[in-house]
Amino acid sequence: DERSPKLIDFDILMRYCSGAPHDAALIFNCQMGRGRTTTAMIVATFLKVRSLLHLGDLDLVPEWAAEAFTSQASPLQSPPFTQSPAKEDSANAERLKRGDFSLVRSLLRVLEKGPEGKLQMDAVIDACASFQNLRESIVTYRDRFLKAVTETQRENFQRVVVDYLERYFMLITFGAYLITVAPDRQGSGESDGAGHDADRHTGEAQPSFKLWVSSRHELYSICERLLWRNPLTAMEVDTRGGRHTSGADAAPSEEDENASFIANRVGYVLGPHTVIKEDHFPGLHSSILPTLEGAPNFRQACEGLPVFGLAIPTESGIRRVLDQTGIRPAKEPSSLERGGGVGKRRVMWFNMREEPVVYINGRPYVLREHSRPFKNMQEYSRISTSRVESMEKRLKEDVLAESRSSGGSILVTREHAPDGVRVIHDDWERVDTEDAVCTPSEIFSSLQREGYPIEYARIPVTDGRAPQLSDVDAIVAQAA
């Protein structure tokens, strides 16, 4: 009863609702008329509003829906600093009611239309809340879980919180799917038998929700790592940036101000409670290897074979690696196609990073949680090439937008190790031109335009785990 509908259940509901006559009443029931019924009402209401908007029946669209479905979504933001613990508790309670959980923040970063899906789905949840409001139910059972005095109570309340969070997660995902694929235009109920439904207006095949989600392994990874393995992390609210560290009567320190800035970021990938951390740090380069500036840990597999490896390089480091391996730009890019000239020898560069990375002023930076700056964001395990590169494009847009609103600078996080102890600090990095920020793909495309005979492949592999069979296939296909 309390569990999230299965993926196929969303598809079935969508097919019946979209195929119903335009003026048909849609009635749902379960045993108590609460959890399952409310969820089905939310799905049907979402579909109905989108259908009315698509058909232009604006007079039939409720005012709340017209506002939510036509507004620009913004990321979850934290309240400003407060010196009062009571006010801070109140502010955190409001964030909980808005659904500002760690699980949700991870989801919104990876879904292209995640913020829009959440904005619209939250409005529908509130409109269907006469008996149960899903977000408020999560908060209620979370409080009961935290206050439980027996292990049995804690287990029971935790199970309910996890089930409700999973339902909320899937509803937001469903909203993002609808916005991305626009299946409100469906209604024929005809399927091609391969998980695609035909758009009744265009005749084009649209992926079912089950197929769409199944192709996004990172969504399962987020649930697995944050919800099922570590539910306490999934339901947490990041409170960093909520209270002065310099004392109740003192003015905010620079650390306080930076923490507040990070807590209130407005990007879609570089959003609240995330930092952009410089990828080079003390100790990255191994002392047993020779040094090549900008290319930590560069080495050759064995003498005589053109197989090399290195850590994440700087932009200038990439050029030094190419020079070290004897790769030169062709005098004319067209000579590469003829197989002649200096650029006859080619290189294939495989980027195995799974996390979103951008280059700022030629140096690599990676996305991190503010509360876990030293940890890889492994909840995006098994993310596909297209989606990690999509995240990088959106991360680049966030960096540029933040620099424009901050006087031409972006707040970055760096790491140093005085006395051998790893310490992070925040610093403002100048961004004088838009060309100063690039994705890895753009770096290599620029080298290709200069005439370098280089092919670039992004094959995301989870750190510390064996590559997927598909990853091995991709390497073989590129290298064969």
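Preceding this paragraph is the structure being described.
In this report, the structure presented in the accompanying data block is examined. (Residues numbered from 1 in each chain as written. Predicted model: local features only at pLDDT ≥ 70, side-chain atom pairs only at ≥ 80, totals over all residues. Heavy atoms only, no water.)

Put simply, helix α1 (residues 7–19) and helix α2 (residues 35–55) touch, their axes get as near as 10 Å, and they point 50° apart. One finds that α1 runs oblique with respect to α2. As for how α1 packs across α2, the hand of that crossing is right-handed. Listed contacts from α2 to Phe10, Leu13, Met14 and Cys17 of α1 are Ala40, Val43, Ala44 and Leu47. Residues that form the contact of α1 with α2 fall into these classes: eight nonpolar, no polar and no charged. (Axes fitted to C-alpha atoms, helices over the stretch in contact; angles between N-to-C directions. Helix = DSSP H or I, 4+ residues; strand = E, 2+ residues; numbered from the N terminus. Parallel < 35°, antiparallel > 145°, perpendicular 65-115°, else oblique. Left-handed = near helix turned anticlockwise from the far one by under 90°. Contact = heavy atoms within 4.5 Å. Nonpolar A, V, L, I, M, F, W, Y, C, P; charged D, E, K, R; others polar.)

Let us now look at the side chain of Thr325. With respect to the secondary-structure elements, Thr325 resides in the loop between α13 (315–324) and α14 (334–338). Here Thr325 falls in the buried class, since its relative accessible area comes to 10%. A distance of 2.9 Å separates the side chain of Thr325 from the backbone oxygen of Val321, its partner in a polar contact. If near-sequence neighbours (up to four positions away) are discounted, Thr325 is found in contact with Phe298, Phe308 and Arg345. (Buried < 20%, exposed > 50% of the residue type's maximum accessible area, 1.4 Å probe, protein only. Polar contact = N/O pair within 3.5 Å; in protein donor to acceptor, adjacent residues only side chain to side chain.)

Going through the model one piece at a time under the given rule, you end up with 14 aromatic pairs. Residues Phe174 and Phe209 carry aromatic rings whose centres are separated by 5.1 Å and whose planes lie at 85° to one another, so their mutual orientation is edge-to-face. One end of the pair, Phe174, is in helix α8 (residues 151–181); the other, Phe209, is in helix α9 (residues 209–214), and 35 residues separate them in sequence. In this structure Phe174 comes out as buried when scored by relative accessible area, which is 0%. The ring centre of Tyr141 lies 4.8 Å from the NZ or CZ of Arg144, which sits over that ring. Directly above the aromatic system of Phe145 lies the positively charged group of Arg154, at a separation of 4.5 Å from the ring centroid. (Phe/Tyr/Trp six-rings, centres within 6.5 Å; stacked < 30°, edge-to-face > 60°. Lys NZ or Arg CZ within 6 Å of the ring centre and 35° of its normal.)

Everything listed is a geometric property; what it means functionally is a separate question.
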